[in-house]
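In case you want the letters, here they are:
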Amino acid sequence: MHAPKEVPETVSPARPDRRRFLNTGAVASLAGAGLSLGLVGCKESSNSAAPAGQTAATSGASTIDYTKYEIPPGQLDTYYSFSSGGESGECRIYGLPSGRLFKRIPVFNIDCLVGWGITNESKKIIGTKADGSLNYRTGDTHHVHPSYTDGTYNGKYLFVNDKIHGRIARIRLDTMECDKITELPNVQGFHGIFPDKRDPVDAKINYTTRVFCGSEFHIPQPNDGRDLNDPKKYFCLFTCVDAETLEPRWQVKVDGNMDLVASSYDGKLACSNQYNTEGGVHYEDMMSAERDSCVFFNIARIEAAVQAGKTFHIGSSKVPVVDGTKAANADPKTALTCYVPVPKNPHGVNASPDGKYYACSGKLSPTATLIEHDLVLKWFDGGLKEPRDTVVAEPEIGLGPLHTGFDNKGNAYTTLFLDSQIVKWNLDAAIKSFKGDKAAKPVVDRLDVQYQPGHGFTSMGETKEADGKYFLSDNKFSKDRFLPVGPLHPESAQLIDISGDKMKLIADHSAYSEPHDSIIIPRDRIKTRQVYDINEFPLATKDAKDCRVERKGRQVTIHLTSQAPAFGLREWTVKKGDEVTIILTNLDKVEDLTHGFAIPHHDINFIVNPQETKSVTFKTDKPGVYWCYCTSFCHALHLEMRSRMLVEA
Ligand code: CUK
Ligand code: CUA
Ligand code: CA
């Protein structure tokens, strides 16, 4: 899989030799790890994985008029795409269909362009220790989801997880900046996240008030050194976070782990796929059972149990915890949770836009499991015998199914990691086939992608307004799709037109490692601000005449403004060993007129946007002259835009 290869001059999406090479590599590496996958199909060529009678994969390349999708200079994209950034700890904003990268939003990572993790305001959001250093300098963002009103995006917030440190972050969509971060108590491997799509309790609140968070890694509770090597005592918590305060409201103790999270369209349920119902601590143990679960949470019952005080607490955490284990929830009529068995190590669970179904992919099983929402509610009412009776379809769709997007015509699009394909399957046909109708063929189309897709998502596909226009495949390998840039290849995000019967691959976009999830929103849903309101910032200096130096003992505060092409003070004097705070307000009101501020030797670098105020605090440890200069090319005299900080011995 990692053998050096020539770079082909042209890239054909359909070069079968290359696909076979990759596919066998992916399977072989799993097999090499001693895994018995129990997979059907052929390891030679992914195309033959299509069961007889079903459509073979197509390159989709032959007759496509790519100019149809071009965004010429000066024209705007029709969609925003918000993407996670994986190991980078950030989020990103792309335009679609062009694939233009507009912005990287620092969230859990330090960013010296905007000063994230450097300015006092951003450090407060990320969280600091007593000595003022950051709590964490890294993050791992996987899933991005905007806030909802009545089943569709309201343009207010974007929520994102940090898998490493169990933190949830919120991004304001008017400024596209992170404004809150919370660390969830007693959680490790916070992976799945999904906001409520409708608030069922308070009609006055017309937007998302809950964000549901799964946890993937089971740990001793509390994780303070007890039960270190007694995995039977480890467990995971499902957390509900308040969307406004971003504080945890309640948690649920569950059996097994949680991977992805989905929420219902009526506010009644949330669910999470579980690949480690075995409670294993080694991979062989985690894949020993033939079936795992998709666990459903009955939100109203959980909140009633919390209200009634049927709760406990873990360690020093004040967050109430209810017991959602199987043993404590044997009677469906009072159960808080319902564990629906699904085949082997599922990955990904997605709600269909009509609110009727949840598709849970098999990963180690070549199937997707379709669970009916109303049947889960029926089980909770005592009207169904077994949780498994909620399953209405389980089509064979291909090898390594992971994530599913939906169009507006009753079709699902699932990424097949091992097959390197997107498979389009019809929900009604899958349900008929499950009932025994031999004529019903669930799989309607297949398309090769390059290569090994992880997440895939349709435009507006996680809202009731799915529009059936685009599917974006976030692929884990790009290999020969782009000019090589050393051992770390970019990931490939491939845009697919799904408006017709056949999927058409229309563009490759490179992406810096490693986006997991994205969402696609029409541009008119997003309303951004271009200039801040100076009154939002209590520390603002509203007039250049008010610039000044204030000293209290060893603490010195510099009140400073920027207005092209000068800072409000030409120089200021401090002493070695002072603790200096610089508060900088950008007085320029013109859209796009950003100034930067950097101080040599002191590791200070940040920007101030029009009418914005930011501050930094640092120690002066070395006497000398330091030119504080503007880092953002703002004016013909940008290079001349500098002030001196004189540090006396
Ligand atoms: S997980 Cu990355 S491909 Cu974190 Cu959404 Cu499935
Ligand atoms: Cu201000 Cu450059
Ligand atoms: Ca398992």
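Quantities reported herein were computed from a predicted structural model and do not represent experimental measurements.

What counts and how
- Residues numbered from 1 in each chain as written.
- Chains lettered and ligands numbered in written order.
- Predicted model: local features only at pLDDT ≥ 70, side-chain atom pairs only at ≥ 80, totals over all residues.
- Heavy atoms only, no water.
- Helix = DSSP H or I, 4+ residues; strand = E, 2+ residues; numbered from the N terminus.
- Buried < 20%, exposed > 50% of the residue type's maximum accessible area, 1.4 Å probe, protein only.
- Polar contact = N/O pair within 3.5 Å; in protein donor to acceptor, adjacent residues only side chain to side chain.
- Contact = heavy atoms within 4.5 Å.
- Near = heavy atom within 4 Å.
- Nonpolar A, V, L, I, M, F, W, Y, C, P; charged D, E, K, R; others polar.
- Donors = N, O, S within 2.8 Å, 3.2 Å for Na, K, Ca; no water.
- 1 Å grid on protein atoms, 1.4 Å probe; cavity = no way out; pocket = protein on both sides within 12 Å on 5 of 7 lines; lining within 4 Å.
- Points joined across faces, edges and corners; volume = space filled by probe spheres on them.

**Student:** I'd love a proper account of the side chain of Asn273, names of residues and values included.
**Tutor:** Among the structural elements, Asn273 can be located in strand E13 (residues 269-274). Asn273 sits in the buried class, given a relative accessible area of 0%. From its side chain, Asn273 meets the backbone nitrogen of Leu260 in a polar contact 2.8 Å long. Apart from the residues within four sequence positions on either side, Asn273 is in contact with Asn257, Met258, Asp259, Leu260, Ser293, Cys294, Pro346, His347, Gly348, Val349 and Cys360.

**Student:** Please provide a residue-by-residue account of the site of ligand 1, values included.
**Tutor:** Surrounding ligand 1, one finds His142, His143, His191, Leu260, His347, His403, Gly454, His455, Lys476 and His516. Grouping the constituent residues of the shell around ligand 1 by class yields 1 nonpolar, 8 polar and 1 charged.

**Student:** Now, about the coordination of the calcium ion (ligand 3): what can you tell me, with residues and values included?
**Tutor:** Here the calcium ion (ligand 3) is held by Tyr275 (O), Glu278 (OE), Glu278 (OE), Met286 (O), Asp292 (OD), Asp292 (OD) and Asn345 (OD1), and the distances to it run 2.3 to 2.7 Å. On the primary sequence, the residues serving as donors to the calcium ion (ligand 3) are separated as Y-x2-E-x7-M-x5-D-x52-N. On the criterion of sequence distance, the pair formed by Met286 in helix H3 (residues 283-286) and Asn345 in the loop between strand E16 (337-343) and strand E17 (349-351) is long-range, its members being 59 residues apart.

**Student:** Got a sec to walk through empty space enclosed by the protein? Specific residues and values, please.
**Tutor:** For the structure shown, the criterion picks out 2 cavities of 30 Å³ or more. The space that makes up the largest cavity amounts to roughly 130 Å³. Every residue lining the largest cavity is counted, 20 residues in all, and those nearest its centre are His145, Asn350, His455, Glu462 and Asp517. In terms of residue count, the dominant contributor to the lining of the largest cavity is strand E25 (residues 453-458) (4 residues). Class assignment of the residues belonging to the lining of the largest cavity gives a composition of 6 nonpolar, 12 polar and 2 charged. Volume-wise, the second largest cavity comes out at about 90 Å³. In terms of lining residues, the second largest cavity is bounded by 14 residues, among which Ser81, Tyr94, Leu472, Ala493 and His509 are the most central. At the level of secondary structure, the elements contributing two or more residues to the lining of the second largest cavity comprise strand E1 (79-84), strand E2 (91-96), strand E26 (470-475) and strand E28 (504-511). Looking at the lining of the second largest cavity residue by residue, the class counts come to 6 nonpolar, 7 polar and 1 charged.

**Student:** I'd like a description of the layout of surface pockets, backed by residues and values.
**Tutor:** One simple way to see leftover space: roll a probe sized like a water molecule over the atoms. The calculated volume of the largest pocket comes to roughly 1,500 Å³. If you go around the largest pocket, you meet 46 residues; those closest to its centre are Lys103, Thr175, Glu177, Tyr532 and Asn609. Elements with a minimum of two residues in the lining of the largest pocket: E1, E2, strand E3 (101-105), helix H2 (120-126), strand E7 (177-183) and strand E37 (613-619). Here the element with the most residues in the lining of the largest pocket is E3; it accounts for 4 residues.

This is a description of form; function is not addressed.
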